[in-house]
Amino acid sequence: MEKNLTNGSVFKTILSFSLPFLLAYFLQTLYGMADLFIIGQYNGVASTTAVSIGSQVMHMITVMIVGLAMGSTVMIGKAVGAGKREEASMAIGNTVTLFMGVSVTLTVILLLLVRSIVAVMSTPEEAVQGTILYLTICFIGIPFITAYNIISSIFRGMGDSRSPMCFVAVACVANIILDYLFIGGLELGPAGAALGTTISQTISVIVSLCIIRKRQSGIVMKKSYFRPKKLIMEQLLKIGIPVALQDGFIQISFIIITIIVNQRGLNDAAAVGIVEKIIGFLFLVPSSMLSTVSALAAQNIGAGKHDRAKKTLWYAITMCVSFGLVTVVVMQFAAGWFVGLFATDTEVIRLGSEYMHGYVWDCVFAGIHFCFSGYFCAYGRSSFSFLHNSISIVCARVPLAYLASRYFPNTLLPMGLATATGSLVSVVICVVVYLWMQRNENLT
């Protein structure tokens, strides 16, 4: 379970760590796309829109939880890299305590606000009831969603990216089976999609806990490690809160864009929802590299190998840019085919293709700033990640999307380009911050 990432070829280490991570993200995205695909086979546009909007809200909540957990990954990684096992154990114990409280509190608050959230999303009237049902069921399952992501963050901080891959594989298989049972067999519509997601996450957590009990982890846990320690909690939150706020801010910006699109009509809403799912799949490489850079760099920083941390960053950026450029070329020719996998309406396919042609450039720019964010977090400077994302959202992504929607009412291409432009702004800021850090190496 514990693996040292501070020796050997940097490139090979990135590959060996990121490939299981990539496959885990692929499987997680697959069962997210399965909801949309299966609901589209058995129900109409209203149900598809309900699942699309509901899953976007859940994605925002999940990425904020994962962002908050970044503090755990970095702290555990640094402790493992420095050979401080007790410090790693304390970080793990306090992580569990912190997130137990967070998940219960979050569940109660969101259940009370579910109807308000659906209203704020400007959900089309035909999809309101389905969205409420979807979110209510998913909110009840938040403790299990939190547990899965926390267990995964702990494993990755210890250098093990394979175990989380196995856990998500269990959830993926279970979700697809349950979707066909609940949506196709029992005809539960959006509620069936939510039940499939929630129950599959629960099954995954149970399996992961059974595996942990049987496996020798190299880390000994005591009851005292679960007692909140002020210094550890402060460190966890110092890194995690800016990342969680950053991720939440990013998702809020996409929700604002969704609200703008929803006001254009059902076809536009369905098209954007489908493309968001496809983009989620395309973002597998950038997303996996963000977490890979943070985990690998954290261990190397803990071991005092700062040059190796820098090499990790630049190898990851090169891989992301290469993947992004290939994706851009493919989608300029095949966007309609991919959108058509989730919709049969010709207008939805046309609008989705236009949106994809612009949006897909984000795969290049986001890949770059994701890698920088992982690097900043490894140094405990997650506030830099929050800074560049906040500026790009406020100054570019949201205002440009609004203007594009207003002045180009018959096409979604400019709105897609607005999102990519926001990421380009982030890249520029990240490069400036990185150069500043290198000139002030005492800060790193």
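You'll find the structure just up there.
Residues numbered from 1 in each chain as written. Predicted model: local features only at pLDDT ≥ 70, side-chain atom pairs only at ≥ 80, totals over all residues. Heavy atoms only, no water.

Looking at the overall build of the chain
Okay, step 1: Scanning the chain from terminus to terminus reveals 15 helices and 0 strands.
Okay, step 2: The 444 residues of the chain split such that 59% are buried.
Okay, step 3: Put simply, 84% of the contacts in the chain that link residues at least 6 apart link residues at least 24 apart.
Okay, step 4: In the structure as shown, the chain presents an accessible area of about 17,800 Å², 68% of it carried by carbon and sulfur atoms. (Helix = DSSP H or I, 4+ residues; strand = E, 2+ residues; numbered from the N terminus. Buried < 20%, exposed > 50% of the residue type's maximum accessible area, 1.4 Å probe, protein only. Contact = heavy atoms within 4.5 Å. Areas by Shrake-Rupley, 256 points an atom, 1.4 Å probe, with all protein chains shown as cover.)

A short note on the packing of aromatic side chains
Okay, step 1: Counted according to the given criterion, the structure contains 12 aromatic pairs.
Okay, step 2: On the basis of an interplanar angle of 85 degrees and a centroid distance of 5.4 Å, the ring pair of Trp-314 and Tyr-434 is categorised as edge-to-face. With Trp-314 in helix H11 (residues 306–340) and Tyr-434 in helix H15 (residues 413–439), this residue pair connects regions lying 120 residues apart in the sequence.
Okay, step 3: For Trp-314, a relative accessible area of 38% puts it in the partly exposed group.
Okay, step 4: Note on Tyr-375 and Tyr-379: the rings are 5.2 Å apart at their centroids and 65 degrees apart in plane angle, and the pair reads as edge-to-face.
Okay, step 5: Overall, the relative accessible area of 0% leaves Tyr-375 in the buried class.
Okay, step 6: What links up through ring pairs into an aromatic cluster is the set Trp-314, Phe-372, Tyr-375, Phe-376, Tyr-379, Phe-384, Tyr-434 and Trp-436. (Phe/Tyr/Trp six-rings, centres within 6.5 Å; stacked < 30°, edge-to-face > 60°.)

A short note on the pattern of salt bridges
Okay, step 1: All told, the structure shown has 2 salt bridges when counted by the stated rule.
Okay, step 2: In this structure, Glu-347 engages Arg-350 in a salt bridge whose closest nitrogen and oxygen atoms are separated by 2.6 Å. Placement of the pair is Glu-347 and Arg-350 together in helix H12 (residues 346–359), with a separation of 3 residues, close to one helical turn.
Okay, step 3: Judged by its relative accessible area of 30%, Glu-347 falls in the partly exposed class.
Okay, step 4: Its relative accessible area of 34% is what places Arg-350 among the partly exposed residues.
Okay, step 5: Sharing partners across several salt bridges, the network here consists of Glu-347, Arg-350 and Glu-354. (Salt bridge = Lys/Arg side-chain N within 4 Å of Asp/Glu carboxyl O.)

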